[in-house]
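Breakdown of the fold
The chain contents come next:
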Amino acid sequence: MDDLLYNYHDAALESIQFHQHTLELHISLYPIVYTSQLEMKLVIETITNLITCEKWVNLLSTTYQEENENRLGARINTIFLDSTKKNQLIIAIDSIKNVKLNFTNIKEILIDN
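This structure is a prediction, so every number in the text was calculated from the model and none was measured.

1. Describing the side chain of Gln88
Looking at the secondary structure, you find Gln88 in strand E5 (residues 88-93). According to the relative accessible area criterion, Gln88 is buried, its value standing at 6%. When sequence neighbours within four positions are dropped, the list of residues in contact with Gln88 reads Phe80, Leu81, Asp82, Lys100, Leu101, Asn102 and Phe103.

Given below as C-alpha coordinates:
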(Lines give C-alpha, C1' and ligand atoms only; values in the text may rest on other atoms or scores of the structure.)
Protein backbone atom coordinates (compact mmCIF):
# COMPACT_ATOMS: atom_id res chain seq x y z
CA MET A 1 0.00 0.00 0.00
CA ASP A 2 1.45 3.32 -1.06
CA ASP A 3 -1.04 5.76 0.43
CA LEU A 4 -4.21 5.92 2.46
CA LEU A 5 -7.53 6.47 0.69
CA TYR A 6 -8.87 9.14 3.04
CA ASN A 7 -7.59 12.40 4.53
CA TYR A 8 -7.59 12.15 8.34
CA HIS A 9 -6.49 15.74 9.09
CA ASP A 10 -8.84 17.37 11.65
CA ALA A 11 -10.85 14.17 12.02
CA ALA A 12 -12.06 13.03 15.45
CA LEU A 13 -10.83 9.81 17.00
CA GLU A 14 -14.03 8.51 18.60
CA SER A 15 -12.77 5.24 20.07
CA ILE A 16 -9.82 2.91 20.06
CA GLN A 17 -9.47 -0.82 20.63
CA PHE A 18 -6.22 -2.73 20.95
CA HIS A 19 -6.51 -6.50 21.00
CA GLN A 20 -3.55 -8.83 20.61
CA HIS A 21 -1.71 -7.51 17.52
CA THR A 22 -4.56 -5.44 16.03
CA LEU A 23 -5.44 -1.78 16.61
CA GLU A 24 -8.85 -0.44 15.55
CA LEU A 25 -9.50 3.29 15.35
CA HIS A 26 -13.09 4.53 14.96
CA ILE A 27 -12.82 7.90 13.23
CA SER A 28 -15.29 10.63 12.25
CA LEU A 29 -13.77 12.35 9.23
CA TYR A 30 -13.62 16.14 9.12
CA PRO A 31 -17.09 17.34 7.96
CA ILE A 32 -15.69 20.33 6.04
CA VAL A 33 -13.81 17.93 3.73
CA TYR A 34 -16.34 15.08 3.84
CA THR A 35 -19.73 16.81 3.95
CA SER A 36 -21.63 13.51 4.17
CA GLN A 37 -20.11 13.05 7.66
CA LEU A 38 -18.24 9.84 6.94
CA GLU A 39 -17.19 7.49 9.70
CA MET A 40 -14.29 5.09 9.28
CA LYS A 41 -12.76 2.16 10.99
CA LEU A 42 -9.00 2.09 10.46
CA VAL A 43 -7.72 -1.41 11.24
CA ILE A 44 -3.98 -1.88 11.68
CA GLU A 45 -3.15 -5.57 11.73
CA THR A 46 -0.19 -7.59 12.96
CA ILE A 47 1.53 -4.73 14.75
CA THR A 48 5.11 -5.72 15.51
CA ASN A 49 6.11 -2.94 17.96
CA LEU A 50 3.51 -3.96 20.54
CA ILE A 51 5.01 -2.19 23.57
CA THR A 52 5.10 1.13 21.70
CA CYS A 53 1.49 0.67 20.61
CA GLU A 54 0.31 -0.33 24.07
CA LYS A 55 2.00 2.68 25.72
CA TRP A 56 0.50 5.05 23.11
CA VAL A 57 -3.01 3.59 23.57
CA ASN A 58 -2.70 3.98 27.35
CA LEU A 59 -1.48 7.58 27.00
CA LEU A 60 -4.31 8.37 24.60
CA SER A 61 -6.88 6.87 26.96
CA THR A 62 -5.60 8.66 30.04
CA THR A 63 -5.36 11.98 28.18
CA TYR A 64 -8.74 11.94 26.45
CA GLN A 65 -11.02 9.37 28.09
CA GLU A 66 -13.58 11.00 30.37
CA GLU A 67 -14.99 8.96 33.23
CA ASN A 68 -18.17 7.08 32.20
CA GLU A 69 -17.77 8.13 28.55
CA ASN A 70 -17.23 5.86 25.57
CA ARG A 71 -16.18 8.62 23.18
CA LEU A 72 -12.58 9.88 23.11
CA GLY A 73 -13.04 12.93 20.89
CA ALA A 74 -9.31 13.35 20.27
CA ARG A 75 -8.42 15.60 17.32
CA ILE A 76 -6.28 13.91 14.71
CA ASN A 77 -3.60 16.12 13.22
CA THR A 78 -2.62 13.54 10.61
CA ILE A 79 -2.33 9.85 9.84
CA PHE A 80 -0.02 8.77 7.03
CA LEU A 81 2.18 5.99 5.76
CA ASP A 82 5.90 6.67 6.10
CA SER A 83 7.29 7.02 2.59
CA THR A 84 10.78 5.95 3.69
CA LYS A 85 9.88 2.82 5.68
CA LYS A 86 7.70 0.06 4.33
CA ASN A 87 4.67 -0.78 6.47
CA GLN A 88 5.06 2.02 9.00
CA LEU A 89 2.09 4.21 9.92
CA ILE A 90 2.52 7.53 11.70
CA ILE A 91 -0.35 8.87 13.80
CA ALA A 92 -0.34 12.42 15.18
CA ILE A 93 -2.97 13.35 17.77
CA ASP A 94 -3.16 16.80 19.36
CA SER A 95 -1.41 17.15 22.74
CA ILE A 96 0.37 13.79 22.73
CA LYS A 97 3.51 12.41 21.13
CA ASN A 98 3.28 10.96 17.62
CA VAL A 99 3.42 7.20 17.30
CA LYS A 100 5.03 5.10 14.58
CA LEU A 101 3.43 1.70 14.20
CA ASN A 102 4.98 -1.15 12.26
CA PHE A 103 2.37 -3.44 10.72
CA THR A 104 1.75 -6.03 8.01
CA ASN A 105 -1.73 -4.97 6.87
CA ILE A 106 -4.00 -1.95 7.10
CA LYS A 107 -7.68 -1.58 6.18
CA GLU A 108 -9.81 1.54 5.78
CA ILE A 109 -13.43 0.49 6.30
CA LEU A 110 -16.28 2.92 5.66
CA ILE A 111 -19.00 2.57 8.31
CA ASP A 112 -22.58 2.71 7.08
CA ASN A 113 -24.67 5.17 9.08
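Let's pick the thread back up.
2. Looking at helix H1 (residues 50-64)
With 15 residues, H1 extends 21 Å between its outermost C-alpha atoms, agreeing within 8% with the 21 Å of an ideal straight helix rising 1.5 Å per residue. Along H1, the residues classified as buried are Cys53, Trp56, Val57, Leu60 and Tyr64. Down the axis of H1, the buried set is contained in an arc of 100 degrees. They therefore lie on one face. Counted as exposed and oriented over 90 degrees from the buried face of H1: Ile51, Lys55 and Thr62. In this structure, the buried residues of H1 make contact with strand E1 (12-19), strand E2 (22-28), strand E4 (74-81), E5 and strand E6 (99-102).

3. What to know about the sheet that holds strand E3 (residues 39-45)
Strand order in the open sheet formed by seven strands is E6-E5-E4-E1-E2-E3-E7, with antiparallel pairing between adjacent strands. Across the chains shown, the open sheet's two edge strands, defined by having one partner strand only, are E6 and strand E7 (105-111). Strand-to-strand twist across the sheet, computed as the mean angle between neighbouring axes with direction ignored, equals 25 degrees. Relative to E2, E1 runs antiparallel, the two sharing seven bridges.

4. Concerning the environment of His19
Counting through the fold element by element, His19 comes out in strand E1. The sequence separation of His19 and Glu66 amounts to 47 residues, and the corresponding C-alpha distance is 21 Å.

The rules behind these values
Residues numbered from 1 in each chain as written. Predicted model: local features only at pLDDT ≥ 70, side-chain atom pairs only at ≥ 80, totals over all residues. Heavy atoms only, no water. Helix = DSSP H or I, 4+ residues; strand = E, 2+ residues; numbered from the N terminus. Buried < 20%, exposed > 50% of the residue type's maximum accessible area, 1.4 Å probe, protein only. Contact = heavy atoms within 4.5 Å. Expected span 1.5 Å × (residues − 1). Arc of directions from axis to C-beta. Pairing = 2+ DSSP bridges. Axes fitted to C-alpha atoms, helices over the stretch in contact; angles between N-to-C directions.

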